[in-house]
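Summary of the model geometry
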Amino acid sequence: MPDAPAQPEAPSDAIQVTLPDGTAKSFPTPCTAHDVAASIGEGLAKAAIGAKVNGELYDLHRPLPGDCELAIVTAPRQDKKGRSKWRDEQHEKDALYLLRHSCAHVMAEAICKIWPDTQLAYGPPLDNGFYYDLKLDTPISSDDFAKVEEAMSVVVGNDRAFTRYELSLDDGISKLAHEGNKYKIDNAEKAQQNGADALSWYITGEDPSKQFEDLCQGPHVDRTSRLGAFKVMSVASSHWHGDVNSDRFQRVYGTAFFSQADLDDHLEKLEQAKQRDHRVIGQKLGLFTIDEKVGQGLVLWKPNGAVIRQELQSFITHHLNRQGYAQVFTPHIGKLDLYRTSGHFPYYADSQFPPLVERESIQKLADEGCSCADLSASLKDGDIDGFMLRPMNCPHHIRIYASEKRSYRDLPIRLYEFGTVYRWEQSGELGGMTRVRGFTQDDAHLFVTPDQLAAEVLGCIELVKVVFNTLGMSDYRVRVGLRDADSTKFVGNPEDWDQAEAACRNAAETLGVPFSEEPGEAAFYGPKIDFVVKDVIGREWQLGTVQVDYQLPQRFGLEYVGSDNKTHRPIMIHRAPFGSMERFVGCLIEHFGGAFPLWLAPEQVRVLPISDKFNGYAQKVAAALKQQNLRVTVDTDSGKIGGKIAAAQQMQVPYMLVVGGKDEEAGAVSVRHRRDGDRGAVPLETFVSAVTQERDDRSL
């Protein structure tokens, strides 16, 4: 067999670029992603807007760092209606990141042109757009958005290149000091603390003396003409470093898409979201309220909302009983030492309510002339004890497990509780039921042996699937949160982490839905599986979660006696199919637009007599329904029947039963459905049977 022809040796200054299909190509240096795209084909080079280099987004014309793995990021193709077509979710995410980061830069230029005394602070892309924090004494209002967009359009129409240049740290900070923008100096110093050895700027054009430039890490698209469709959305107040005592900024929000059709679709979804806002619907339907006298972020469940919550709890309790769970009840507070052991205090002190300190301890410190800072230090160091509103239920459940000797024959032990926990959220981050300070979790903790782990994780996942299927939430994806090996946030043995992460990956693979791995998104004690649900208008919500934990059993010294008569450490699983009842119900309100399926509806049937003389028959109809434990009311108002129907429709009552003389004579009811309208008259017994079956089937 003849020898293979000798491959030409790459020049000594060449780099090896490995493409997504595994092909390796040699390029002379300096080399850019655009050079690589051009070597593959003219069409790819034309469509390219950036690149993924060793997993990091890169400018199209930025020199590559050396031998690397590279994937070209392209602008999407458009269908016949002008909507973007994406290869996959990651392609969409990367391309929109580049687009929106670039659009934030262009919006900053436009604002600086209109208001030259603007000082820019920070402008990142977001999942649904971008924003820029800026210091400007002149208030920007919605009346100004059109002129900002017009100025942006001029920049886009000029088709300028995004040009990157770098300076050494010393030269860069000197340049910023000369310009006098303390916010940019702060950004540069943070970059220095994070190990950067240079600073980068972007010019919309090529000459910083003539065109706008901004300190920025990048990356951006290659030219301003790539910014297809954009809109300035809103303005809000913010603060430097998020500190209300620091400089106040104006935060201008915008969004951008590759086509006008994409932007129009987005705006339509926002309009639908506004109409479905759970805060508005919740008030209209009497589901919940948040009272300033009680406190921000603390939800008061009204009777109608309590019905929905109780129905959900009864539903999940049935399945928990089927899977062999045992219910427990634990207090809302615990000693600080409990949370020192778990790691919640002081590692997450900023996200928790301040500790509750015993009077004797406070008095002793006061007598010794100690300050508040001394008290805080003593609490942190463990010199004095106190209590804390629980941020998690797991330490309490752990102590229940530890209250008895355990054998391998006892395991798995599955404990559940609808437990209320408390987190300190900044006031600006609170929002209705979906971001609160006190919330109830459908929490459970399983204590298992290693050989039980895989089956128990799958059992937890089955519960989540039951919840989603019953509520019609079929469009969801799975996110596997892994540790970041370079972070100090994550505690425990790396080998245990490897085993736990493998268990989560294997479980996620059984679901048959897309899942992604996200380093750094694990809990501090172990990896997790999060379920991200897409609602009827395309928004995503992070709902149920399953977490594998080797760390807390070790921190608390949990044990069981194995079949070898030796002590072993159990593995712990945390799981919450609903997550937070407040957040879940808030999402359900918007998912259904307040029109809950019959089994969840606070009021399932409303009987509407056409006049006062049929009130007696209406009460008889209601009694027959109540015998089947249906939630029914009678509208005895003396108004016209049209007004009664409109009132029931407004409250999203699934069924309205109009009753008059003919109905009473026939022992029937005239059925009206909130969506379908008039369904005609049927015998009362027939309706009672049908609606009872619909409720029991939990039909959608």
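Residues numbered from 1 in each chain as written. Predicted model: local features only at pLDDT ≥ 70, side-chain atom pairs only at ≥ 80, totals over all residues. Heavy atoms only, no water.

As a further point, take helix α17 (residues 581–592). For α17, spanning 12 residues, the distance from its first C-alpha to its last is 16 Å, which sits close to the expected 16 Å at 1.5 Å a residue. The buried fraction of α17 is high, at 11 of 12 residues. Residues of α17 that are buried: Met-581, Glu-582, Phe-584, Val-585, Gly-586, Cys-587, Leu-588, Ile-589, Glu-590, His-591 and Phe-592. Between a side-chain oxygen at the N-terminus of α17 and the backbone nitrogen of Glu-582 the separation is 3.2 Å; the capping residue is Ser-580. (Helix = DSSP H or I, 4+ residues; strand = E, 2+ residues; numbered from the N terminus. Expected span 1.5 Å × (residues − 1). Buried < 20%, exposed > 50% of the residue type's maximum accessible area, 1.4 Å probe, protein only. Polar contact = N/O pair within 3.5 Å; in protein donor to acceptor, adjacent residues only side chain to side chain.)

Before going further, it helps to examine the pattern of salt bridges. The tally for this structure, following the rule as stated, stands at 36 salt bridges. The salt bridge partner of Arg-164 is Glu-166, with a shortest N-O separation of 2.9 Å. Under the relative-accessibility criterion, Arg-164 is labelled partly exposed at 21%. Residue Arg-226 pairs with Asp-222 through a salt bridge whose shortest N-O separation is 3.0 Å. Linked through salt bridges whose partners overlap, the residues forming this network are Asp-59, Arg-62, Arg-164 and Glu-166. (Salt bridge = Lys/Arg side-chain N within 4 Å of Asp/Glu carboxyl O.)

With that settled, consider the side chain of Glu-149. Of note, Glu-149 is situated in helix α4 (residues 145–157). No salt bridge is formed by the buried Glu-149. Its closest oppositely charged neighbour is Lys-231, at 4.1 Å. When residues no more than four places from it in sequence are discounted, the contact partners of Glu-149 are Phe-230, Lys-231 and Val-232. (Lys, Arg positive; Asp, Glu negative; His and termini not counted. Contact = heavy atoms within 4.5 Å.)

Looking now at the packing of aromatic side chains. Tallied over the entire structure, the rule returns 16 aromatic pairs. Between Tyr-183 and Trp-240, the ring centres sit 5.0 Å apart and the planes meet at 90°, which makes this aromatic pair edge-to-face. Of this pair, Tyr-183 sits in helix α6 (residues 182–193) while Trp-240 sits in the loop between β14 (229–239) and β15 (248–257), placing them 57 residues apart in sequence. In this structure Trp-240 comes out as buried when scored by relative accessible area, which is 19%. Here Tyr-416 and Phe-418 contribute two aromatic rings whose centre-to-centre distance is 6.0 Å and whose plane-to-plane angle is 80°, an arrangement assigned as edge-to-face. Grouping residues by exposure puts Tyr-416 and Phe-418 together as buried. Of the aromatic side chains, those joined through ring pairs into one cluster are Tyr-183, Trp-240 and Phe-249. Here Arg-437 stacks its cationic end above the ring of Trp-424, 3.9 Å away from the centre of that ring. The cationic tip of Arg-698 hangs over the ring face of Trp-599; the distance from NZ or CZ to the ring centre is 5.0 Å. (Phe/Tyr/Trp six-rings, centres within 6.5 Å; stacked < 30°, edge-to-face > 60°. Lys NZ or Arg CZ within 6 Å of the ring centre and 35° of its normal.)

With that settled, consider the environment of Ala-618. Tracing the backbone shows Ala-618 in helix α18 (residues 615–626). Among the residues examined, Ala-618 registers a relative accessible area of 0% and is labelled buried. Taking the C-alpha atoms as reference points, Ala-618 and Asp-635, separated by 17 residues in sequence, lie 8.7 Å from one another. If we ignore the near neighbours within four places in the chain, the residues touching Ala-618 are Val-607, Pro-609, Val-634 and Val-659.

One way to put it is that helix α5 (residues 169–179) packs onto α6 with a least axis distance of 9 Å and a crossing angle of 165°. Looking at the two axes, α5 sits roughly antiparallel to α6. Note that α5 runs across α6; the crossing there is left-handed. Contacts from Leu-169, Ile-173, Leu-176 and Ala-177 in α5 reach Lys-184, Ile-185, Ala-188 and Gln-192 in α6. Looking at the contact of α5 with α6 residue by residue, the classes come out as 6 nonpolar, 1 polar and 1 charged. (Axes fitted to C-alpha atoms, helices over the stretch in contact; angles between N-to-C directions. Parallel < 35°, antiparallel > 145°, perpendicular 65-115°, else oblique. Left-handed = near helix turned anticlockwise from the far one by under 90°. Nonpolar A, V, L, I, M, F, W, Y, C, P; charged D, E, K, R; others polar.)

Here we come to the confidence of the model for the protein chain. A low pLDDT means the predicted coordinates there should not be read in detail. Per-residue pLDDT for the protein chain has a mean of 89; in total, 93% of the residues score no lower than 70. Note on residues 1–8: pLDDT under 50 across the span, and 0 contacts to partners over four residues away in sequence or across chains. (pLDDT = per-residue confidence, 0-100.)

Burial along strand β21 (residues 386–389) is one-sided: Gly-386 and Met-388 are buried, while Phe-387 and Leu-389, pointing the other way, are not. Where strand β19 (residues 333–335) lies against β21, 3 bridges are found, and the strand directions are antiparallel. Each residue of the ladder has a partner; that of Gly-334, found in β21, is Met-388. Pairing of strand β20 (residues 356–357) with β21 involves 2 bridges; the strand directions are antiparallel. Paired with Val-357 across the bridge in β21 is Gly-386. (Pairing = 2+ DSSP bridges.)

Attention shifts here to the nonpolar core. Core analysis: the largest hydrophobic core is formed by 64 residues, its most contacted members being Leu-312, Leu-471 and Phe-531. Ranked by residues supplied to this core, first place goes to helix α14 (residues 453–470) with 9 residues. With near-sequence residues (within four places) excluded, Leu-312 lies in contact with Leu-471, Phe-578, Met-581, Phe-584, Val-585, Leu-588, Trp-599 and Leu-600. Membership of the second largest hydrophobic core comes to 37 residues, among which are Ile-49, Ala-95, Trp-115 and Val-148. (Core = buried A, V, L, I, M, F, W, Y, C linked by side-chain atoms within 4.5 Å.)

Once that is clear, we can look at the packing of helix α9 (residues 303–322) against α14. Packing of α9 against α14 brings their axes to within 11 Å, and their N-to-C directions diverge by 150°. If you check the angle between α9 and α14, you find them roughly antiparallel. As α9 runs across α14, the sense of the crossing is right-handed. Residue-level inspection shows Phe-315, Ile-316, His-319, Leu-320 and Arg-322 of α9 in contact with α14, the latter providing Glu-462, Leu-463, Val-466, Val-467 and Thr-470. Taken together, the residues of the contact of α9 with α14 sort by class into 6 nonpolar, 2 polar and 2 charged.

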